[in-house]
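# Fold and contact review
Below, each chain spelled out in residue letters.
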Amino acid sequence: MTEAMIRKKPGMASVKDMPLLQDGPPPGGFAPVRYARRISNTGPSAMAIFLTVSGAFAWGMYQVGQGNKIRRALKDEKYAARRAILPILQAEEDERFVSEWKKYLDYEADVMKDVPGWKVGENVYNSGRWMPPATGELRPDVW
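Read on for an overview of the structure. (Residues numbered from 1 in each chain as written. Predicted model: local features only at pLDDT ≥ 70, side-chain atom pairs only at ≥ 80, totals over all residues. Heavy atoms only, no water.)

Okay, the overall build of the chain next. Along the chain, the regular secondary structure elements total 2 helices and 0 strands. The long-range fraction of contacts in the chain, counting pairs at least 24 apart against all pairs at least 6 apart in sequence, stands at 38%. With the model as given, the accessible surface of the chain reaches about 13,500 Å², and the carbon-plus-sulfur share is 61%. (Helix = DSSP H or I, 4+ residues; strand = E, 2+ residues; numbered from the N terminus. Contact = heavy atoms within 4.5 Å. Areas by Shrake-Rupley, 256 points an atom, 1.4 Å probe, with all protein chains shown as cover.)

The following block contains the structure:
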């Protein structure tokens, strides 16, 4: 459909012959444009925010305290279990030590058999106190 048919002016020769059609404001005009700064006073007050944050912090600290109690109970249980099995572990280590000590004394007797006056198993420091061998001396698996 042509512009001439839309404007009800058939046979127009030029666009200049078209009647002027211009948009305008609605009747009564447009609503006024708000350009002033308007800060709303809605929302929680400072006291409400402070009380909410304080309450959340107090609840969090309470939860931390409860977690500490649970953690402490679990740690106590772990240490109690370790204390309960300690005699068994010590007995096993003592048994292993005695068997390794016997092997060590046999080896010492074999190595030092040609040394006159050597007493197998005697402390070379002559302090009168028994001292266990240094860590790893009887533990070839640790070397």
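Let us keep going from here.
As enumerated under the stated definition, the model contains 3 aromatic pairs in all. Aromatic side chains Trp59 and Tyr62 sit 5.6 Å apart centroid to centroid with 35° between the ring planes, which places their arrangement in the tilted category. Taken as a pair, Trp59 and Tyr62 lie in helix α2 (residues 46-111) at a separation of 3 residues, close to a single helical turn. Looking at Trp59, the relative accessible area reads 55%, which means it is exposed. Geometrically, the ring pair formed by Phe97 and Trp101 is stacked, given 5.9 Å between the ring centres and 15° between the ring planes. A residue pair is termed a helical-turn pair when its members lie 3 or 4 positions apart in one helix, as Phe97 and Trp101 do in helix α2 at 4 residues. Taking relative accessible area as the criterion, Phe97 reaches 19% and is therefore assigned buried. Using a relative accessible area of 24% as the deciding quantity, one classes Trp101 as partly exposed. Through pairs of rings, three or more aromatic residues link up here, namely Phe97, Trp101 and Tyr104. (Phe/Tyr/Trp six-rings, centres within 6.5 Å; stacked < 30°, edge-to-face > 60°. Buried < 20%, exposed > 50% of the residue type's maximum accessible area, 1.4 Å probe, protein only.)

On the surface, a cluster of positive charge is made up of Lys69, Arg72, Lys75, Lys78 and Arg82. Among the structural elements, Arg82 can be located in helix α2. (Patch = residues over 30% accessible without salt bridge, like charges linked within 9 Å, V, L, I, M, F, W, Y side chains within 5 Å. Salt bridge = Lys/Arg side-chain N within 4 Å of Asp/Glu carboxyl O. Lys, Arg positive; Asp, Glu negative; His and termini not counted. Charge placed at Lys NZ, Arg CZ, Asp CG, Glu CD.)

Taken together, Val115, Trp118, Val120, Val124 and Tyr125 make up a surface patch of nonpolar side chains, about 510 Å² in accessible area. One can find Val115 in the segment after α2.

What follows covers α2. The largest bend in α2 amounts to roughly 40° and is located at Ile85, with the proline Pro87 lying one to four residues further along. Every buried residue belonging to α2 is among Phe97, Glu100 and Glu108, and all of these are buried. (Bend = angle between axes of the 7 residues up to and from the residue.)

Inspection of the entire model under this criterion finds 3 salt bridges. The partner of Arg96 in a salt bridge is Glu93, with the nearest N and O atoms 2.8 Å apart. Separated by 3 residues within a single helix, Arg96 and Glu93 lie in helix α2, roughly one turn from each other. Owing to a relative accessible area of 24%, Arg96 belongs among the partly exposed residues under this scheme. We classify Glu93 as partly exposed; its relative accessible area is 30%. Of the charged contacts in the structure, one is a salt bridge between Lys113 and Asp110, with a shortest N-O distance of 3.6 Å. By relative accessible area, which is 58% here, Lys113 ends up exposed.

The quantities given are spatial measurements derived from coordinates; they are silent on function.
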